[in-house]
Amino acid sequence: MAAPHVEPASATDAEDIAALHLASWRRAYSGLLPRSFLDGLDLEARRAQWRERLALPHGDDTFVLVSRDGDGRPAGFASA
């Protein structure tokens, strides 16, 4: 088992980042936004957005990082 680490995200991370993105929204905004809105968030649409975003070339002012657990699975991400 490798140590947990952070690295630049790649296009192959789009599926996992999309799932993490929706899970974080549903947890963070529970009780703040209507449950119907959170339940209606579309995983496939979010996957498409992340596939597109991670396929684009990035300059020095845009990045996406992914944190990986000890087994190499995405456990979190940051984008700025």
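The following refers to the structure shown. Residue numbers run consecutively from 1 along every chain, following the written order of its sequence. Residue-level local features of this predicted model are given only where pLDDT is at least 70; pairs of side-chain atoms are given and counted only at 80 or more, and the full residue set underlies all totals for whole chains, interfaces and linings. Only hydrogens and water are removed before side-chain values are computed, so all heavy atoms of the structure are retained for them.

1. Overview of the sheet that holds strand E3 (residues 74-79)
Between any two strands, at least two bridges found by DSSP are needed for them to pair. Secondary structure elements follow DSSP: runs of H or I of four or more residues count as helices, runs of E of two or more count as strands, with numbering from the N terminus. Overall, antiparallel pairing links the 3 strands, which are arranged E1-E2-E3 in an open sheet. Each having just a single partner strand, strand E1 (5-8) and E3 make up the two edges of the open sheet. Ignoring which end each strand starts from, the neighbouring axes of this sheet average 25° apart. By the bridge criterion, 5 bridges tie strand E2 (residues 64-68) to E3 in an arrangement that is antiparallel. Its bridge partner lying in E3, Val64 is registered against Ser79. Packed on one face of the sheet, helix H1 (residues 14-28) meets E2 and E3 and runs near 80° to E3. Here an axis means a line fitted to C-alpha atoms, over the contact stretch when the element is a helix, while the angle between two N-to-C directions is reported on a 0 to 180 degree scale. In what follows, a contact means two residues having at least one pair of non-hydrogen atoms within 4.5 Å.

2. What about the side chain of Arg46?
Mapped onto the elements, Arg46 comes out in helix H3 (residues 43-55). The rule is simple: take the accessible area with a 1.4 Å probe, protein chains only, and divide by the maximum for that residue type; under 20% is buried, over 50% is exposed, in between is partly exposed. Working convention for charge: Lys and Arg count positive, Asp and Glu count negative, and His plus the chain ends are omitted. Salt bridge, as applied in this entry: a Lys or Arg side-chain nitrogen positioned within 4 Å of an Asp or Glu carboxyl oxygen. At 8.6 Å, Asp42 is the nearest oppositely charged side chain to Arg46, a buried residue that forms no salt bridge. N or O atoms within 3.5 Å of each other form a polar contact, as long as, within protein, one can give a hydrogen and the other can take it, and as long as residues adjacent in sequence are counted only when both atoms are side-chain atoms. Side-chain polar atoms of Arg46 contact the side chain of Gln49, separated by 3.1 Å. Filtering out sequence-adjacent residues up to four positions away, Arg46 remains in contact with Ala18, His21, Leu22, Trp25 and Leu41.

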